[in-house]
Amino acid sequence: MEFTDSTVLITGGSRGIGKAIALAFASKGARVAILYRSNQQAADATLAQLSGDQHMALQADVTDAEAVSNAIDKLVAKFGKLDIVVNNAGIGEYHPITSTNYEDWQHVWRQTLDTNLIGPANVCFCAAKHMIDSGGGRIVNITSRGAFRGEPNKPAYGASKAALNSLSQSLAVALAPHKIFVGAVAPGFVNTELTADLLNSPEGDQIKSQSPFNRVAQPEEVAHAVLFLASKGAEFSTGTIIDVNGASYLRS
Ligand code: NAP
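Bear in mind the structure is a predicted one, so any value in this text is a computation, not a measurement.

Caption draft 1: Seen up close, unusual backbone geometry. Even without glycine at this site, Lys179 takes up a positive phi of about 60 degrees. With respect to the helices and strands, Lys179 occurs in the loop between helix H6 (155–175) and strand S6 (180–187).

Caption draft 2: Region of interest: the pattern of salt bridges. According to the stated counting rule, one finds four salt bridges in the structure shown. Note that Arg215 is salt-bridged to Glu221, the shortest N-O span being 2.8 Å. With a closest N to O distance of 2.9 Å, Arg251 and Asp243 form a salt bridge.

Caption draft 3: Quick look at the pairing of strand S2 (residues 31–36). Across the six residues that make up S2, a large majority, six, are buried. As paired strands, strand S1 (residues 7–11) and S2 are joined by five bridges and run parallel to one another. The partner of Thr11 across the bridge, within S2, is Leu35. Assessed by its sense of winding, the connection that carries the chain from S1 through helix H1 (residues 16–27) to S2 is right-handed. In terms of strand pairing, S2 meets strand S3 (residues 56–59) through four bridges, oriented parallel. Across the sheet, Ile34 pairs through a bridge with Ala57, a residue of S3. Following the chain from S2 across helix H2 (residues 40–49) to the adjacent parallel S3, one finds a crossover that is right-handed.

Caption draft 4: Inspection of empty space enclosed by the protein at higher detail. By the definition in use, this model includes one cavity of 30 Å³ or more. Approximately 50 Å³ is the volume attributed to the largest cavity. As for the largest cavity, its lining consists of Ile139, Val140, Phe181, Val182, Gly183, Leu229, Ala234, Ser237 and Thr238. The greatest single-element share of the lining of the largest cavity, amounting to three residues, is contributed by S6. Here the lining of the largest cavity is composed, by residue class, of six nonpolar, three polar and no charged.

Caption draft 5: Quick look at the packing of H1 against helix H9 (residues 219–230). Closest axis-to-axis distance for the H1/H9 pair is 8 Å, and the angle between their directions is 55 degrees. With respect to their mutual orientation, H1 and H9 come out oblique. As H1 runs across H9, the sense of the crossing is right-handed. Mapping the contact onto sequence places Gly16, Ile17, Ala20, Ile21, Ala24 and Phe25 in H1 and Pro219, Glu220, Val222, Ala223, Val226, Leu227 and Ala230 in H9. Of the residues that constitute the contact of H1 with H9, the class distribution is eleven nonpolar, one polar and one charged.

Caption draft 6: Examining the layout of surface pockets more closely. Approximately 1,600 Å³ is the volume attributed to the largest pocket. Taken together, 49 residues line the largest pocket, and the ones lying closest to its centre are Gly90, Ile91, Gly92, Lys154 and Tyr157. When residues of the lining of the largest pocket are traced back to their parent elements, those giving at least two are H1, S2, helix H4 (102–134), helix H5 (146–149), H6 and helix H8 (202–208). Across the lining of the largest pocket, the residue classes tally to 17 nonpolar, 22 polar and ten charged. Reported here for the second largest pocket is a volume of approximately 220 Å³. Residue lining of the second largest pocket: 16 residues in total, with Ser6, Asp83, Ile84, Arg138 and Lys232 positioned closest to the centre.

Caption draft 7: A look at the site of the ligand. Taken together, 27 residues are adjacent to the ligand, and Ser14, Arg15, Ser38, Asn88 and Tyr157 come closest. Within the backbone of Gly12, one N or O atom sits 3.4 Å away from an oxygen atom of the ligand. Take Asn88: an N or O atom from its main chain is 2.7 Å from an oxygen atom of the ligand. Contact with the protein chains hides 92% of the accessible area of the ligand, taken as 910 Å² for the molecule alone.

About the criteria used
- Residues numbered from 1 in each chain as written.
- Predicted model: local features only at pLDDT ≥ 70, side-chain atom pairs only at ≥ 80, totals over all residues.
- Heavy atoms only, no water.
- Helix = DSSP H or I, 4+ residues; strand = E, 2+ residues; numbered from the N terminus.
- Salt bridge = Lys/Arg side-chain N within 4 Å of Asp/Glu carboxyl O.
- Buried < 20%, exposed > 50% of the residue type's maximum accessible area, 1.4 Å probe, protein only.
- Pairing = 2+ DSSP bridges.
- Right-handed = clockwise from strand over helix to strand, strands pointing away.
- 1 Å grid on protein atoms, 1.4 Å probe; cavity = no way out; pocket = protein on both sides within 12 Å on 5 of 7 lines; lining within 4 Å.
- Points joined across faces, edges and corners; volume = space filled by probe spheres on them.
- Nonpolar A, V, L, I, M, F, W, Y, C, P; charged D, E, K, R; others polar.
- Axes fitted to C-alpha atoms, helices over the stretch in contact; angles between N-to-C directions.
- Parallel < 35°, antiparallel > 145°, perpendicular 65-115°, else oblique.
- Left-handed = near helix turned anticlockwise from the far one by under 90°.
- Contact = heavy atoms within 4.5 Å.
- Near = heavy atom within 4 Å.
- Polar contact = N/O pair within 3.5 Å; in protein donor to acceptor, adjacent residues only side chain to side chain.
- Areas by Shrake-Rupley, 256 points an atom, 1.4 Å probe, with all protein chains shown as cover.

Listed below in structure tokens is the structure:
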């Protein structure tokens, strides 16, 4: 898993899982662009931690189609090409059907699908144009165990991630003739700054016990699966969805 001379765009690369993916690619020689929505401080802090010095941060909201297109053009202008895209930015709002009013219900559905599905679809569209011109590329989409297991309190989230799995598979077929390989990584619960408090609470014990390892994933374990799908030699695994859930939910 060597990425010297490769250029990588990681949406949501400033924090959490995306940050671990950015660190992992940079440690293997890639030039990394981290795309963030609004927290410039976090983006700058992550940028400063990446090994090597040719990386960049891009501000864009993935729900803004024009901003996505401009950000990718900016990346190609600086790096000369775009080899790998990781659609990692995502949101997961609570909106249980029995206790959410109709207005909020609709708002969360729209916001979630815009961020977790249509945003990544637009990133794929803009990236694929450059990748086709340069002879190929790789796309890895971060989905979720919730796509398979259901999300009773976050139904829009579960549906958006199932749709993103489906999008990954459709694009794997559509883009194969252009040597663009597309896969998905579906984590279960992951230990990030944002989830640390919950994991240290009594509810955290229940979450950990879902896996026979009695723990959740570390962000670096998700990054490992992403790098595998983006690596040379993984081409024939295009269309694959890799689970990173510590056997907390099994499917075949
Ligand atoms: P996180 O810590 O909440 O970080 C989210 C990142 O995405 C930040 O860099 C944020 O930028 C960016 N972002 C959010 N909305 C955006 C938008 N509209 N446009 C551009 N950037 C945006 O996320 P995480 O927990 O690491 O999760 C990363 C991915 O893994 C998500 O797709 C999530 O669904 C998936 N996942 C997470 C878990 C888990 O347990 N954490 C489990 C399964 C799947 P700003 O900071 O600037 O807002």
